[in-house]
Amino acid sequence: MPIMSSTRPDSSSARYKRFAAIVTDLADDSTSIPAYNQIPVEGLFRLMEMYRYDAFKDETHSGVLAMSSASYGRRHHQMSSKSWHLPIKQALDSTMNEVFAGKPKEDAVYEVEIILFQMSENAPLTQEQQVQAKSFFSTFEKALVL
Amino acid sequence: MRPVDFLKNECENLLSVLDQTLRYDYGLEGSREFYEECGQRLEYIQASLELVDPTSTHIVRELALNLEFLSELVCRIERSSLGEYSWPFVEEFKEISKALCTEKRVLKDRVVTRVPNVHVIAEGGLHTYSIYSDANKQLSKRRIFIIEFPRTLKHYVLFHTILGHEMGHAIYNIPLIQNELDEIFIENFVKASPVFKDQPTVVQWLYSEAAPQEVKARLNHLKTEHSIDHDDFFFAHADYDAWLQEFLCDFIGLLMFGPSFLGAVCHLLYSNDPLGRQVNEEHPLTGIRANTLLLAAESLGYTEWKFDQSVQPAVDAFWKDVYEKQETDPWFKVISKEAVKITVDKLQAFLANFPKTLYQAPDPENINHLVHQILDRCPPVGYKFTSEGPQYRQVDFRDIIFAGWIAQSQPGSTIKFSDINRLCEHGIMQQVSIKKMLENPKKPEDNKKAA
C-alpha cells in the first residue's frame, strides 16, 4: 500500500482560476508571451471549445479491455468525475452574461477565442480586445469559487 | 521546508530526469518535440510556484498534482525505447493518428490547427493496448498522445489493429469531434436501441429473467458481496456513458481497419472473458459488442467481398471463426441491423473527412497476391518479378494485415501465427521503401551519376 493516498481529487476549478489570472495579466502585452505561458492560453482555448460545443466529456481512457488497472490512464481516470465541469460551466455562463450581455453565445465565444488565438500567435490585441480580455478573464476568475 | 519549497525542489529533480529522455532513441522523429512540450509544462509549474501565495492551499495542491502527472508521464517515456515495439506498424499508424487527432478550431473565416505530439511506448502484457491522450483540462500547449503497446506482443501486427478502437476514444476528447460523434451516435444508435436508449431500460434488461446464467451469477455476486442491486447498478458499479462510448469506438476501429479489427477483437476480448458474458464496469458485455460489430461488418458489405478461388476458402474460414463468437440467444439482440447500418454509414461519412482514416474495400487481386506471398513465407509487399523486370505498386498497410488474417485461416496451412505476424511486419516495413521509391522515381541522370 502506498504511503500517501493515491486518490487524486479534481482540481480543475483551481487550474482555470489560475489560468484566468495569468491570461488577464498577459493581455497587457500579447506580443511577448513566453512559451510556457502559452499553456494557460491554450488551456483556456480548449475550455472555450468545450463550452462552445457543450462537449465536457473529458476523460482519459483505460484501455480496450476491462483490465489494465495499473495503467497510467486508469489511475489518471480517478481524478475525473462526471461533474467536474459544472462549477466551471456555471462560472462561464455568469461571466458571459456579465461581459457579453445579450450577445448570442456563438458570437461571444468567437470574440474570446479570437483573442486567445491572437495571444497564442504573439499577435497584438487592439485596445478594445485588451479591455474585453481583461474584463472577461478577471470576471471568470472571480466567478470560480474554490 | 514548506510544501512550496518541496515542490520547487521536485521540479529540479524532474528537470534532470527530463534531460535524460533526450539520450534515447524513441522513434524516427526522435524525442525533441516531446522534450520541449514537457519542458514548457515544467517551466509553467516552476514559474507558478515562484508566484503563488504559499498559504493558498488549493493552488499549491493543484500545482502538486500537475507536477505528479508530469513526472509520471516523463518517467514512462524515459523507460521506453524504439526496440520494444513494432516500429513499421507504428510509423503507418502515426500518420493516421496525426491526421485524426489534429485539433481543428473553426474561427469563422479561418481554421486553425494544432498538431499533437504522438509518442509510442511498450509495456505490460496482453491488456496494455491503449492510447493515452491529454485531457482538455490538463496542462498542455501541444497535446500529447501516447500509443501503448503490449511489450509481449511486439511483433503481432495483426492484433495491433485493436488500436483503431483506442483511436476512437482519443478523438472523442476533441470537443468539435465529440459534438459531431455524439450527434451521430445518440440519434441513430442509442435512441434506436430498445435496450440502450436509457439507463433504466439497460438495467431492466440486465436483471431480466431471460438474462444468461453467467450474467445472473455476476449480478448476484454484486448484490451479496458489494450490496449493489438494480437500483444503483449504474451508480455504484458500471458507467452507462462509458458503455456507450465503447460501442462507438468499436465502430470507429472497424471502419479504420476493416475485417482485421474484428479478427483482433475476437482474439483479444475473449482472452480474459472466454464466454464474452462478463458484466464489467466500463465495457458492455463482449458478446454484445461482437454481435453489434458483426451487424456493422455485414452492413458495410465486408462479408460479401469475393476473392480469387485459391483464397476464398481461407476468407470463408476467417468469417466462420468470427461468426463463432456470435451470440444467438435473443437476449443479446440489442439493436436492429438497420439502425447499425445508418449509424456506421454516417460515421463513415464523417471519418471520410480525415485523410487515410477509412479502410477501403481491397482489390481482390492485390489481396490474392499478398496472401500467396505469406503462404510462400515471403513478406507480403507490392512487388512482383515479371519477364519485363520488377514491378512495384502501392499497398495499404491494412491490406497487408488483412492478408495476414486470411493466411492464418488458410485450411491446411502449417505456417505459425507468430510467423505470419513477423512476415506482415516485414512486409509493412518493405512497403514503406517501395512507397518512397514510387513517390520519388529514380531519374536516368541519377544512374549516370552513380556510374
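This text goes with the structure placed above it.
The paragraphs below set out a description of the structure included in this document.

Quick notes on the rules
- Residues numbered from 1 in each chain as written.
- Chains lettered and ligands numbered in written order.
- Predicted model: local features only at pLDDT ≥ 70, side-chain atom pairs only at ≥ 80, totals over all residues.
- Heavy atoms only, no water.
- Helix = DSSP H or I, 4+ residues; strand = E, 2+ residues; numbered from the N terminus.
- Buried < 20%, exposed > 50% of the residue type's maximum accessible area, 1.4 Å probe, protein only.
- Contact = heavy atoms within 4.5 Å.
- Areas by Shrake-Rupley, 256 points an atom, 1.4 Å probe, with all protein chains shown as cover.
- Core = buried A, V, L, I, M, F, W, Y, C linked by side-chain atoms within 4.5 Å.
- Pairing = 2+ DSSP bridges.
- Axes fitted to C-alpha atoms, helices over the stretch in contact; angles between N-to-C directions.
- Salt bridge = Lys/Arg side-chain N within 4 Å of Asp/Glu carboxyl O.
- Phe/Tyr/Trp six-rings, centres within 6.5 Å; stacked < 30°, edge-to-face > 60°.
- Lys NZ or Arg CZ within 6 Å of the ring centre and 35° of its normal.

1. Overview of the overall build of chain A
Argument step 1. Along its length, chain A carries six helices and zero strands.
Argument step 2. Beginning at the N terminus, the succession of helices and strands in chain A can be written as α-α-α-α-α-α.
Argument step 3. For chain A, buried positions account for 55% of its 146 residues.
Argument step 4. Here the analysis covers contacts within chain A between residues at least 6 apart in sequence; of these, 74% occur between residues at least 24 apart.
Argument step 5. Accessible surface computed for chain A: about 6200 Å², of which carbon and sulfur atoms make up 53%.

2. Thoughts on the nonpolar core
Argument step 1. Formed by 115 residues in total, the largest nonpolar core has its most connected members in B:Phe196, B:Leu206 and B:Phe233.
Argument step 2. Here the element with the most residues in this core is helix 10 (residues 240–257) of chain B; it accounts for eleven residues.
Argument step 3. The residues contacting B:Leu206, other than those within four sequence positions of it, are B:Ala211, B:Val215, B:Leu219, B:Phe233, B:Trp243, B:Leu285 and B:Trp331.
Argument step 4. Judged by nonpolar contacts, the second largest core, of 66 residues, contains A:Tyr16, A:Leu116, B:Leu73 and B:Val74.

3. Digging into the sheet that holds strand 3 (residues 117–122) of chain B
Residues and elements named next belong to chain B.
Argument step 1. The three strands are arranged 3-5-4 in an open sheet whose pairing can be described as mixed. With one partner strand each, in any of the chains shown, strand 3 and strand 4 (130–133) form the two edges of the open sheet. The average angle at which neighbouring strand axes cross in this sheet is 20°, direction not considered.
Argument step 2. Pairing between strand 4 and strand 5 (residues 144–149): four bridges, direction antiparallel. Paired with isoleucine 131 across the strands is isoleucine 147, a residue of strand 5.
Argument step 3. With respect to the sheet, helix 5 (residues 163–172) is in contact with strand 4 and strand 5, its orientation differing from that of strand 4 by roughly 20°.

4. Quick look at the environment of B:Leu70
All names here are of chain B.
Argument step 1. Its place among the elements puts leucine 70 in helix 3 (residues 57–79).
Argument step 2. Sequence separation between leucine 70 and glycine 39 is 31 residues, and the spatial gap between their C-alpha atoms is 9.8 Å.
Argument step 3. When residues no more than four places from it in sequence are discounted, the contact partners of leucine 70 are Leu14, Cys38, Arg41, Leu42 and Ile45.

5. Considering the pattern of salt bridges
Argument step 1. Scanning the model with the defined rule gives 33 salt bridges over all chains in all.
Argument step 2. Put simply, A:Glu42 and B:Arg105 hold a salt bridge, and the shortest N to O gap is 3.0 Å. One end of the pair, A:Glu42, is in helix 2 (residues 38–53); the other, B:Arg105, is in strand 1 (residues 103–107), on a second chain.
Argument step 3. A salt bridge links B:Glu187 to B:Lys191, with the shortest nitrogen-to-oxygen separation between them at 2.8 Å.
Argument step 4. Take B:Glu187: its relative accessible area is 45%, and that puts it in the partly exposed class.
Argument step 5. Accessibility expressed as a relative area gives 53% for B:Lys191, which makes it exposed.

6. A few points about the packing of aromatic side chains
Argument step 1. One pass over the full model with this rule turns up 41 aromatic pairs over all chains.
Argument step 2. Summarising the aromatic geometry, the rings of B:Phe89 and B:Phe93 are spaced 5.7 Å apart at their centres and angled 25° between planes, so their arrangement reads as stacked. Residue B:Phe89 and its partner B:Phe93 are located together in helix 4 (residues 87–101), separated by four residues, close to a single helical turn. Across this residue pair, the class does not change: B:Phe89 and B:Phe93 are buried.
Argument step 3. When the centroid spacing of 5.6 Å and the interplanar angle of 75° are considered together, the rings of B:Phe234 and B:Tyr240 count as edge-to-face. Across the pair, exposure class does not vary: B:Phe234 and B:Tyr240 are buried alike.
Argument step 4. The ring of A:Tyr51 has A:Lys105 sitting right over it, with the charged end atom 4.4 Å from the ring centre.
Argument step 5. Cation over ring: B:Lys325 sits above B:Tyr270, and NZ or CZ is 4.6 Å from the ring centre.

Bear in mind that shape data such as this cannot, by itself, settle questions of function.
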